[in-house]
Amino acid sequence: MPLTSALSSTLIGVNKLELKQWLAWALIVSVVVFISLMIALKIIHKKEQSSEGYLAFKQPAASGNWVNQYKIWMLVAYQSSMKLPLVRTYILKIRKRIAGVNIYNEFDLRIHSMSAGISIMGTFGCSITLLYGLNPDFIYLLTLILTAIILNGMFVDSFINRLEKRLLLQMVDYFTEVRHAYHRHGIVEEALYEAAESSDEEIARHGFAIADALVSAEPDEELNKYYETIPNRFLKSFAGISYLIMEYGDKVKKEGSVYLKAISSLTQEIHLDVLRRNKLDYLLRGLHFIALIPVFFTKPIELWARKSFPLMEDFYLGKYGLLTKIIIYVIIILAYVLLQKLSSLEDRTYESGPKRRPWEQTIYENSKIGNLLVVFIPKPDSRVYMKVSELLRDTNHPLKVEWIYVRRIVLFICAFLITLSACFFLHWSERERIVAESPREGVIFGSSSPDEMKKARVIADEDRKWIDSLRNAGLRSTVNYNQMSQMVATSKDTSLSKDQITATVSRIMDKMNRLNQEYLKWWEILLAIGVGCSGYYFPIWMLYFQRRVRSMDMKHEVYQFQTMISILRELERISVEEILEWMLAYSIIFRTPIEKCLLHYEHGAEAALQCMKEESALPEFSRLAEKLLLAVEKIPIAQAFDDLETEMAFRFEQRRLDYDQMLETKANLGRMIGFTPMYALIFMYLVIPLIWMSFEQMSQYYEQIQKI
């Protein structure tokens with residue numbers, strides 16, 4: 001007996017622990033178990049591994065033993081993560097992004113990828129655990145998980161941008177070292193090797209890779225392999241110019257060496273790009289977090305309002321509160337996507353082709369589904385088809401017109417079904433809330449006492465019994481006030497007074513009337529169709545938005561082409577086709593028309609250049625194509641571009657002004673988009689419910705005054 005009583009008292013004490021304490025203990029135990037498992041895995045792996053495989057990457061003793069231990073731990077974690085499907089996909093995606101910035105050996109690449117993955121996953125895991133501990137709610141947990149998925153892209157982009165910016169700054173110092181070494185030796189490959197030996201680690205890898213490619217037996221093939229792994233256009237241009245100087249020889253003019261002038265031009269371009277990145281980061285700093293902040297404040301605002309004003313429960317727990325929360329989440333997601341499009345400066349923004357088979361293509365090529373979708377796709381010779389095709393061309397989108405229409409149709413169906421399902425769910429949740437609703441007569445501010453809350457729950461249970469009995473008898477929609485009064489008066493409970501019977505009947509009839517109104521209405525079907533139409537036009541709207549943002553960058557890429565041509569035209573034996581090849585290596589936005597021009601160049605240079613000119617509506621690019629047309633057969637290349645030398649200083653200053661205007665426009669759009677979710681949260685989830693509650697209070701005051 002004493003043992004039994006002790007156990008029962010212990011269980012009672014355990015049951016009294018709050019959920020937050022349980023979550024805190026669960027977090028501590030999870031961390032301890034995780035650390036123990038990782039230590040055990042490391043010990044086991046150290047016993048099984050051969051000493052040669054892991055000694056190759058160790059640093060000198062001066063770097064400290066803890067650095068080596070950290071690298072070993074990262075490699076063990078990398079091997080363990082490759083056995084988990086979802087974690088493996090995530091780590092490989094980060095690895096691919098990092099490999100596109102710097103050249104690493106296999107060990108360093110694994111260490112950097114795993115370090116970034118663990119940092120991001122650990123931050124999100126701890127944040128979700130702590131926030132869920134403060135507000136233990138399943139829907140709030142799903143919201144946090146979705147927010148973490150969205151924030152993950154921002155964290156990875158921030159990490160990659162930091163690596164890219166550091167590499168750009170190192171490139172400036174590296175080009176300075178190349179200039180000094182070229183003055184001493186006058187040989188390109190010697191200058192590259194000497195500069196790489198005295199440069200930072202990241203850029204030194206690129207310097208050695210370029211120099212090794214130039215001195216190899218097949219420099220063209222080695223350079224092409226380097227271009228495929230490194231998307232940085234400045235390094236591509238530097239490697240290409242170095243190869244041309246080594247192949248054709250340098251040319252010394254009054255202004256100096258052509259090679260050194262090219263390095264100076266590339267340095268100017270890098271300075272301009274670094275300034276643009278820094279200023280854009282400064283102007284858009286924190287807007288992503290501001291757009292996502294409402295996710296974390298919806299639940300605290302709801303809890304505060306429900307605790308301070310009991311009448312607010314009718315809004316927050318009802319269908320209008322859920323609908324408002326859904327709208328706010330949709331606004332947050334749209335704002336985040338638009339900010340990502342606005343702040344993106346990476347080369348991958350304008351990739352010319354998909355790396356995977358698009359799901360739209362799979363659906364379209366399905367014989368049964370494709371035959372149904374062809375009815376909704378415009379004909380190739382129609383005006384709508386040509387308009388969408390031009391929009392895809394201007395945005396350099398990888399999908400075809402037919403595939404984009406497949407996406408639009410699928411989005412229409414999904415948006416329609418999701419909206420219709422949301423309407424059914426809102427009606428169901430509102431019916432459940434009405435049935436379980438407790439009376440709150442006389443409670444306007446503050447919270448009810450425990451006794452009042454207990455009495456209210458008893459009354460709500462009685463109301464539920466009456467509603468269930470009417471539902472089982474099939475009288476929920478046909479019963480009237482008199483019938484309900486007679487049923488309550490003749491029930492087994494005869495202790496109710498006349499006023500209590502009247503209050504009970506009024507309360508039940510009010511709930512019954514509201515329950516009868518919870519059905520799918522015709523305007524809700526129209527709303528679902530409207531949301532479906534919004535989903536149908538959403539890809540087109542995104543393309544228009546992307547074209548507007550992209551138009552700010554098109555002119556500056558043409559300026560970069562002109563800088564490149566001003567260097568190439570000084571080289572002897574240079575041809576228009578070779579200029580197009582270097583433009584292709586340097587291009588991002590105009591990659592598709594230049595690729596088409598090179599593919600058809602052998603079948604007719606003038607026709608191919610004329611087609612490239614017609615591919616873009618930008619006047620600056622058209623004038624560049626016209627000069628290349630003149631240089632094909634009529635006049636030399638240097639004569640066709642003889643005005644570039646006098647305009648370079650003016651164009652550089654003009655580019656600085658254009659960059660400032662472009663960044664200011666992006667900053668204004670970013671601020672408007674970033675603060676929209678916060679405004680929506682304040683007005684839709686706080687101000688409007690408070691106004692609604694004020695009108696409800698005024699109605700209650702008026703009813704109470706009438707009863708006096």
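Criteria and thresholds
Once a new chain begins, its residue numbering starts again from 1 and follows that chain's sequence as written. The model is predicted, so local features are restricted to residues of pLDDT at least 70 and side-chain atom pairs to those at 80 or more, both for listing and for counting; the totals for chains, interfaces and linings are taken over all residues. No hydrogens and no water enter the side-chain calculation; it runs on all heavy atoms of the structure. Put simply, DSSP marks the helices as runs of H or I at least four residues long and the strands as runs of E at least two long, and each gets a number from the N terminus on. Buried residues are those whose accessible area, probed at 1.4 Å on protein chains only, stays under 20% of the maximum for their type, while exposed residues exceed 50% and partly exposed ones sit between those limits. Contact definition: two residues touch when any of their heavy atoms are within 4.5 Å. For the accessible areas, the method is Shrake-Rupley and the probe is 1.4 Å, while residue cover comes only from the protein chains on display. Buried Ala, Val, Leu, Ile, Met, Phe, Trp, Tyr and Cys residues that are joined via side-chain atoms within 4.5 Å together make up what is termed a nonpolar core. Throughout, an axis means a line fitted to C-alpha atoms (over the contacting stretch in the case of helices), and angles, computed between N-to-C directions, take values from 0 to 180 degrees. Reported orientations rely on four angle classes, namely roughly parallel under 35 degrees, roughly antiparallel over 145, roughly perpendicular from 65 to 115, and oblique for the rest. For any pair of crossing helices, the crossing counts as left-handed if the nearer helix is rotated counterclockwise from the farther one by less than a right angle, and right-handed if it is rotated clockwise. Any residue outside Ala, Val, Leu, Ile, Met, Phe, Trp, Tyr, Cys, Pro, Asp, Glu, Lys and Arg is labelled polar, Gly included; the first ten of those are nonpolar and the last four are charged. The salt bridge criterion pairs a side-chain nitrogen of Lys or Arg with a carboxyl oxygen of Asp or Glu, the two atoms within 4 Å. One confidence number per residue, pLDDT, is output by the predictor and ranges from 0 to 100. The patches reported here contain residues having more than 30% relative accessible area and no salt bridge. Joining distances are 9 Å for like charges and 5 Å for nonpolar side chains (Val, Leu, Ile, Met, Phe, Trp, Tyr). Charged residues are defined narrowly, with Lys and Arg counted positive, Asp and Glu counted negative, and His plus the chain ends left uncounted. Throughout, a charge is located at the NZ atom of Lys, the CZ atom of Arg, the CG atom of Asp or the CD atom of Glu. Contacts described as polar in this section are N or O atom pairs within 3.5 Å, which, within protein, must combine one atom able to donate a hydrogen with one able to accept it, while residues neighboring in sequence count only if both atoms come from side chains. Under the convention used throughout, the expected extent of a helix is 1.5 Å for every residue step, that is, one less than its residue count. The directions considered for the arc run from the helix axis to the C-beta atoms. Between 30 and 60 degrees the pair is tilted, below 30 it is stacked and above 60 it is edge-to-face, where a pair is any two Phe, Tyr or Trp rings, Trp via its six-membered ring, whose centres lie within 6.5 Å.

Engineer: Which residues make up the overall build of the chain, and what values do they have?
Structural biologist: Tallying secondary structure elements over the chain gives 29 helices and 2 strands in all. Here the chain holds 708 residues, and 43% of them are scored as buried. Intrachain contacts of the chain at a sequence separation of at least 6 include 74% that bridge at least 24 residues. Total accessible area on the chain stands at roughly 38,900 Å², and carbon and sulfur atoms take up 62% of it.

Engineer: Go over the nonpolar core with me, naming the residues and quoting the values.
Structural biologist: L192, F238, Y259 and L580 are the most contacted members of the largest nonpolar core, which totals 117 residues. Top element by residues in this core is helix α7 (residues 138-185). It accounts for 18 residues. Residue contacts for F238: discarding those within four places in its chain leaves Y174, F175, V178, L192, I210, Y259, I263 and L266. If you look at the next biggest cluster of nonpolar residues, it comprises 17 residues, including L287, A291, L339 and L669.

Engineer: Mind laying out the environment of G530, listing which residues take part and the relevant values?
Structural biologist: Secondary-structure assignment places G530 in helix α23 (residues 522-568). For the pair G530 and A415, spaced 115 residues apart in sequence, the C-alpha separation works out to 9.2 Å.

Engineer: Quick rundown of the packing of helix α8 (residues 188-197) against helix α9 (residues 201-214)? Include the residues and the values.
Structural biologist: Running from N to C, α8 and α9 cross one another at 160°; their axes reach a closest spacing of 8 Å. Judged on the interaxial angle alone, α9 and α8 are roughly antiparallel. Relative to α9, the crossing made by α8 is left-handed. Of the residues in α9, those in contact with V188, L192, Y193, A196 and E197 of α8 are A204, G207, F208, I210, A211, D212 and L214. Here the residues of the contact of α8 with α9 sort into 9 nonpolar, 1 polar and 2 charged.

Engineer: Kindly report on the pattern of salt bridges, identifying the contributing residues and their values.
Structural biologist: Enumeration over the complete set of coordinates arrives at 17 salt bridges. Several salt bridges converge on common partners, so that one network encompasses E164, D273, R276 and R277.

Engineer: Before we move on, could you go through the confidence of the model for the chain and cite the residues and values that matter?
Structural biologist: Do not read the fine detail of predicted coordinates wherever pLDDT is low. For the chain, the average pLDDT comes to 77, and 83% of its residues sit at 70 or higher. By mean pLDDT, the top-scoring element of the chain is α8 (90), and the lowest-scoring one is helix α3 (residues 51-55) (35). Contacts from residues 1-20, a stretch scored under 50 in pLDDT, to residues over four places away or in other chains number 5 contacts. Note on residues 346-354: pLDDT under 50 across the span, and 24 contacts to partners over four residues away in sequence or across chains.

Engineer: So what's going on with the environment of A422? Residues and values would help.
Structural biologist: Mapped onto the fold, A422 is located in helix α19 (residues 401-435). Linking A422 and L322, residues 100 residues apart in sequence, is a C-alpha distance of 9.7 Å.

Engineer: Tell me about a negative patch on the surface, residues and numbers included.
Structural biologist: Together, E218, D220, E221 and E247 make up a region of like negative charge exposed at the surface. With respect to the element layout, E247 can be found in helix α11 (residues 233-248).

Engineer: Quick one: what's the story with the side chain of S199, residue by residue and with numbers?
Structural biologist: Along the chain, the position of S199 falls in the loop between α8 and α9. Among the residues examined, S199 registers a relative accessible area of 19% and is labelled buried. Separated by 2.5 Å, the side chain of S199 and the backbone oxygen of A195 make a polar contact. Excluding its chain neighbours within four sequence positions, the residues that come into contact with S199 are Y174, E177 and A204.

Engineer: An account of a nonpolar patch on the surface is requested, with residue identities and associated values reported.
Structural biologist: Taken together, the side chains of W522, W523, I525, L526, L527, I529 and V531 define a hydrophobic patch exposed on the protein surface, amounting to about 680 Å² of accessible area. Along the chain, L526 falls in helix α23. Residue classification places L526 among the partly exposed residues on the basis of a relative accessible area of 49%.

Engineer: Describe helix α6 (residues 106-134), and please don't skip the residues or the numbers.
Structural biologist: The first and last C-alpha atoms of α6 sit 42 Å apart over 29 residues, in line with the 42 Å expected at 1.5 Å per residue. Among all positions of α6, only D108, L109, I111, S113, M114, S115, A116, G117, I120, F124, I128 and G133 are buried.

Engineer: Report on the packing of α19 against helix α22 (residues 498-516), specifying residues and quantitative values.
Structural biologist: Taken N-terminus to C-terminus, the directions of α19 and α22 make an angle of 175°; their axes are 10 Å apart at the nearest point. Here α22 runs roughly antiparallel to α19, going by the angle between their axes. Of the residues in α22, those in contact with R431, R433, I434 and V435 of α19 are K511, R514 and L515. Classifying every residue of the contact of α19 with α22 by side-chain character gives 3 nonpolar, no polar and 4 charged.

Engineer: Tell me about helix α26 (residues 605-615), and name the residues and values.
Structural biologist: Every buried residue of α26 is listed here: A605, A608, L609, M612 and E615. Taken around the axis of α26, the buried residues stretch over an arc of 110°, which confines them to a single face. Set apart from the buried face of α26 by more than 90 degrees, the exposed residues are A607 and E614.

Engineer: Can you explain the packing of aromatic side chains? Please cite residues and give values.
Structural biologist: Enumeration over the complete set of coordinates arrives at 15 aromatic pairs. Seen from their ring centres, Y174 and F175 are 6.1 Å apart, and the 45° between their planes marks the pair as tilted. Comparing Y174 with F175, the two get one shared label, buried. For the pair F315 and Y316, a centre-to-centre distance of 5.3 Å together with 80° between the ring planes defines the contact as edge-to-face.

Engineer: Could you give me a rundown of the side chain of T298, with the residues and numbers involved?
Structural biologist: Inspection of the secondary structure puts T298 in helix α13 (residues 287-308). Taking relative accessible area as the criterion, T298 reaches 2% and is therefore assigned buried. Once residues within four sequence positions are removed from consideration, T298 is found in contact with Y329, L681 and Y685.

Engineer: Explain the environment of C611 to me, using residue names and the numbers behind them.
Structural biologist: Mapped onto the elements, C611 comes out in helix α26. The exposure class of C611 is partly exposed, given its relative accessible area of 39%. C-alpha of C611 to C-alpha of A625: the two residues are 14 residues apart in sequence and 9.5 Å apart in space.

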